[in-house]
Amino acid sequence: MASFDIDGDLVRKLAELLRETGLSEIEFAEGEKRIRVTRPTAPQVTVAHAPVAAAAPVAAAPVAAAVKPGNHPGAVTSPMVGTAYTAAEPGATPFVRPGDVVKAGQTVLIIEAMKVMNPIKAPRGGTVVEVLVGDAQPVEFGEVLLIIE
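Residue numbering note: each chain is counted from 1, following its sequence as written. This being a predicted model, a pLDDT of at least 70 is required before a residue's local features are given, and a value of 80 or more before pairs of side-chain atoms are given or counted; all residues contribute to the totals for chains, interfaces and linings. Heavy atoms throughout the structure, all of them, feed into the side-chain values; hydrogens and water do not.

Chemist: Could you clarify how one ought to interpret the sheet that holds strand 9 (residues 137–139) in this entry?
Modeler: By way of backbone hydrogen bonds, the strands of a sheet pair with one another, either parallel or antiparallel. What makes two strands pair is DSSP finding at least two bridges between them. Helix and strand assignments follow DSSP, with helices taken as H or I runs no shorter than four residues and strands as E runs no shorter than two, numbered in order from the N terminus. Taken in spatial order, the four strands of this open sheet run 7-6-4-9, and their pairing is antiparallel. Across the chains shown, the open sheet's two edge strands, defined by having one partner strand only, are strand 7 (116–121) and strand 9. Within the sheet, the average angular offset between the axes of one strand and its neighbour, ignoring direction, is 35 degrees. To get an axis, a line is fitted to the C-alpha atoms, and for a helix only the part in contact is used. The angle between two axes follows their N-to-C directions and goes from 0 to 180 degrees.

Chemist: Even after reading the chapter, I still don't get the nonpolar core, so can you show me in this structure?
Modeler: Soluble, globular proteins show a tendency: their nonpolar side chains are buried together. Among the buried residues, those of types Ala, Val, Leu, Ile, Met, Phe, Trp, Tyr and Cys that are joined through side-chain atoms within 4.5 Å form a nonpolar core. For each residue, the accessible area found with a 1.4 Å probe, counting protein chains only, is set against the maximum for its type, and the residue is called buried under 20%, exposed over 50%, and partly exposed in between. In terms of nonpolar packing, the biggest core is built from 15 residues, with V102, V108, I120, L145, L146 and I148 touching the most fellow members. Counting eight residues, the second largest nonpolar core, distinct from the first, contains L10, L17, L18 and V37.

Chemist: Hey, could you run me through the environment of Q106 in this one?
Modeler: Secondary-structure assignment places Q106 in the loop between strand 5 (101–102) and strand 6 (107–113). With a relative accessible area of 29%, Q106 lands in the partly exposed category. Each C-alpha atom of the pair Q106 and K121 lies 5.1 Å from the other, and the pair is 15 residues apart in sequence. Contact definition: two residues touch when any of their heavy atoms are within 4.5 Å. Those residues within four positions of Q106 in sequence are excluded, and the remaining contacts are F95, V96, V101, I120, K121 and A122.

Chemist: Looking at this structure, I do not really get helix 1 (residues 8–21). What am I missing?
Modeler: Every α-helix winds through 3.6 residues per turn, so residues three or four apart in the chain are directed the same way. Take the number of residues in a helix, subtract one, and multiply by 1.5 Å to get its expected span. Taking 1.5 Å of rise per residue, the 14 residues of helix 1 would be expected to cover 20 Å, and the 20 Å separating its terminal C-alpha atoms lies within 8% of that figure. Packed against the buried residues of helix 1 are strand 1 (25–30) and strand 2 (33–38). Where helix 1 terminates, the next one or two residues include G22, which has phi positive at roughly 80 degrees.

Chemist: It is not clear to me how the sheet that holds strand 8 (residues 126–131) should be interpreted in this structure. Could you clarify?
Modeler: Sheet architecture is open: four strands sit in the order 3-10-8-5, paired in antiparallel fashion. Each end of this open sheet is capped by a strand with a single partner; those strands are strand 3 (75–77) and strand 5. Here strand 3 pairs with strand 10 (residues 144–148) via three bridges, running antiparallel. Counted as the bridge partner of V76 is L146 from strand 10.

Such coordinate-based values are descriptive only and should not be taken to indicate function.
Encoded structure:
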């Protein structure tokens, strides 16, 4: 196996980027060389998910309690790691709120990754049932962002 010289400056820059963005991991690849920097997931991510599970009381909605957000057919998941924004700019009206009717292709959120704003489009039309992320909240790849029925 070929030797791999570690670029300490690059590792420090990646670690600083993790700290600035609140991400839990980042990977840099160049040719056959890969550097992955990770940090423990912040406790707030666990706290953010706890209310979602508790929000659907069994007595009020037994059918909804049986379907977890990740298994819901209308779940819109994050295609990348980054920071989710619910509006185009601070203080602006959110792209969508629960109860809003959306069309396929309509922007429902923005995810900032590496200082690039990536619009997240509705994969299908329907009614927004629940928005599971807050404004400026870090998100992971595959995390459920909202549900459209």
